[in-house]
Amino acid sequence: MAATDTRVPVPPVELVLRSTRVVTPEGVRPASVTVAGGRIAAVLPYATGPGPGPGAVGGPYGTGAVVEDLGDDVLLPGLVDTHVHINDPGRTEWEGFATATRAAAAGGITTLVDMPLNSLPPTTTLEHLRTKQGVACDKAHVDLGFWGGALPGNLAELRPLHDAGVFGFKAFLSPSGVEEFPSLGPGDLEAVAARIAALDGLLIVHAEDPGHLRRAPRPDGPRYSGFLASRPRAAENEAIARLISVARRLGTRVHILHLSSSDALPMIAAAKADGVRLTVETCPHFLTLTAEEVPDGATEFKCCPPIREAANRDALWAGLADGTIDCVVSDHSPCTTDLKVPDFGRAWGGISSLQLGLPAVWTEARRRGHTLHDLARWMSGGPAALAGLSAKGAVEAGRDADFAVLAPDETFTVDPAALHHRNHVTAYAGKTLHGVVRAAWLRGRRITGHGGPTEPTGLLLERQRSA
C-alpha cells in the first residue's frame, strides 16, 4: 500500500510588495515581500525578479502573483492600536465600528483592540461581549479584538470573559466619567488583581489616585492651566506606585495606560529591573503636543490624564527611547461636537487621533533623530506583544500580511473634514505633519488606497491561549 502524503499544501504566492525601504525586525532595507494565504511567505532581496510595474501579474513568483513596486515609499508592518474607544453600540453617535475602523485603515492601523467602556453595554459580562461582537462582525475594516472590564462586584464575570478570549481587563482607580463603569477602591483592586493573577491574565489600568484628584483645584472655565492643575502629576505617580506594589506582591501582569507624568519613569524602570511584570504605554498627544500651546477654550485638547508641559514631553521621549515605555497607542476617545464646550470643567475629555497617530508621532520622532525602525517597534511590535498577537507586529515570514505604506518625507495639513472618524473634532486641526499613508493591506488584501477604504474584511480576534 502506498504511503499517504500528509504534508500541508503550500499556497501559491498571490502578492509581492517591493520597496527600497522595508521595515523588518533587523532594520530598514530594500526587499521584496511575498504573500501567500494571507501570510508573509518570505522577505526576499529587492532585486528578485524583473520588478514589473504596479498591478503586474506573473514573473518569477508564479503565474497568479500580483507584483506592486512601491518605489521609495516605506513598507511598514500594519500598526496595532490596543487603546481605542469605539462606543458601539449604545453611544454610536460618538463613534462606531464602521467609522473607527475606516479611520484606522486610513491611518495605517490594521489591528484594533476596543476598550470596554463608553459603549452601552460596557464589556463587563460575557453577554455584553457577545452583544458587541454581534454588532461589530460585519462592520470592521481592520482586525478587531476586545478588552474586558473589571468593576466592583463583577469578579465572577472575569473567568468567563477570559475564557471567551478578551485580551485582558481594564480598570479605573478614579472615576471613569461614565456611571456604568465605576472605579475600583483599594479592596476591589486587591481582589481583582488576585483573580487576574490566578488566570495569568492582564490587568490594564487608568492610573490616577482619587484622593489627589479630590484635593486638587476644580477645573472651571476656558483656561487650560486650571484644568492642568486639576489633574496633578502626583495623582498619576501615587496610583502607579500602588499598582507596582500590587503587581510585586501578587505577581499580576499590570499595564499602565496612557502614561502622562514623566515623574513616574524612574519607579517604573526600577520595578521592571526588579522583575515586576509591568508594561507601560503612552500616546501620540503626550509626545507631540504641549500644555503651553493649548489656546483658551480649546477643549479638543482635553484628556485625562492631561497633556503636560514641554519638559515633561521631552522626558517621555527619553523614556520611550530607553525602553521604559513599551509602546505608543492612540487612546482615541471621541465624542459628539456639542460635548466639547469651551469650558475645561464641563467638556468631555478625550483626544480624537486614530487616523493621525502615525504621522503625528513620525513628525516629532524624525525631528528628534529617531528612525522608522523605532516607529514600527513602538506602534506595531510593542502593542502586538502587549496583546499577545504573535501573528501581528512585524514584516517577517509567518506573520499576517498586514502592511502600511508611508511616504515619510511628504507633508500634509490636517483637515478635520477629511478624517474618517465619526465626529470631525481633533486637536491636530490645521497642523502640518510629515508622513502620508498611501495604502494598507490586511492579510494580503488592500483595505485602503486608490481612493479610499474598501468593503469591511476585518476579523474578530480572540486572545491566543497558552499551549
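Bear in mind that the values here come from a model prediction, so they are computed numbers and not experimental data. (Residues numbered from 1 in each chain as written. Predicted model: local features only at pLDDT ≥ 70, side-chain atom pairs only at ≥ 80, totals over all residues. Heavy atoms only, no water.)

Novice: How do you make sense of the layout of surface pockets when you look at a structure like this?
Specialist: To locate leftover empty space, one rolls a probe as large as a water molecule over the atoms. For the largest pocket, the calculated volume is near 660 Å³. Its residues assigned to classes, the lining of the largest pocket shows 12 nonpolar, 12 polar and seven charged. Counted as a void, the second largest pocket has a volume near 250 Å³. What lines the second largest pocket is a set of 13 residues, among which Ala106, Gln355, Leu356, Phe412 and Val437 lie closest to the centre. Taken together, the elements giving at least two residues each to the lining of the second largest pocket come down to strand S16 (403-413) and strand S17 (432-442). At three residues, S17 tops the list of elements feeding residues into the lining of the second largest pocket. A breakdown of the residues in the lining of the second largest pocket according to their chemical character gives nine nonpolar, three polar and one charged. (1 Å grid on protein atoms, 1.4 Å probe; cavity = no way out; pocket = protein on both sides within 12 Å on 5 of 7 lines; lining within 4 Å. Points joined across faces, edges and corners; volume = space filled by probe spheres on them. Nonpolar A, V, L, I, M, F, W, Y, C, P; charged D, E, K, R; others polar. Helix = DSSP H or I, 4+ residues; strand = E, 2+ residues; numbered from the N terminus.)

Novice: Whenever I open this one, the confidence of the model for the protein chain confuses me. Can you help?
Specialist: In low-pLDDT regions, the fine details of the predicted coordinates are not to be read closely. Summary statistics for the protein chain give a mean pLDDT of 94 and a share of 94% for residues scoring 70 or more. Taken as a whole, residues 1-6 scores under 50 in pLDDT and shows zero contacts with residues more than four places along the chain or in a different chain. (pLDDT = per-residue confidence, 0-100. Contact = heavy atoms within 4.5 Å.)

Novice: It is not clear to me how the nonpolar core should be interpreted in this structure. Could you clarify?
Specialist: Nonpolar side chains tend to gather and get buried jointly when the protein is soluble and globular. Residues Leu112, Leu203 and Leu259 are the most contacted members of the largest nonpolar core, which totals 95 residues. Top element by residues in this core is helix H7 (residues 233-250). It accounts for six residues. Residues in contact with Leu203, not counting those within four places in the same chain, are Phe169, Ala171, Leu189, Val192, Ala193, Ile196, Thr252, Arg253, Val254 and His255. Membership of the second largest hydrophobic core comes to 21 residues, among which are Val80, Met115, Cys335 and Ala384. (Core = buried A, V, L, I, M, F, W, Y, C linked by side-chain atoms within 4.5 Å. Buried < 20%, exposed > 50% of the residue type's maximum accessible area, 1.4 Å probe, protein only.)

Novice: Looking at this structure, I do not really get the sheet that holds strand S7 (residues 79-84). What am I missing?
Specialist: Working definition: the strands of a sheet are paired by backbone hydrogen bonds and lie parallel or antiparallel to each other. An order of S7-S8-S9 is seen for the three strands of this open sheet, with the pairing classed as parallel. Each edge of the open sheet is held by one strand with a lone partner, namely S7 and strand S9 (143-146). Across the sheet, the mean angle separating the axes of adjacent strands is 20° when strand polarity is ignored. Two strands pair when backbone bridges link them, and strand S8 (residues 109-114) and S9 are joined in this way by four bridges, in the parallel orientation. Note that in S9 the partner of Leu112 across the bridge is Leu144. Lying over the sheet, helix H1 (residues 97-106) contacts S8 and S9, oriented at roughly 140° with respect to S8. (Pairing = 2+ DSSP bridges. Axes fitted to C-alpha atoms, helices over the stretch in contact; angles between N-to-C directions.)

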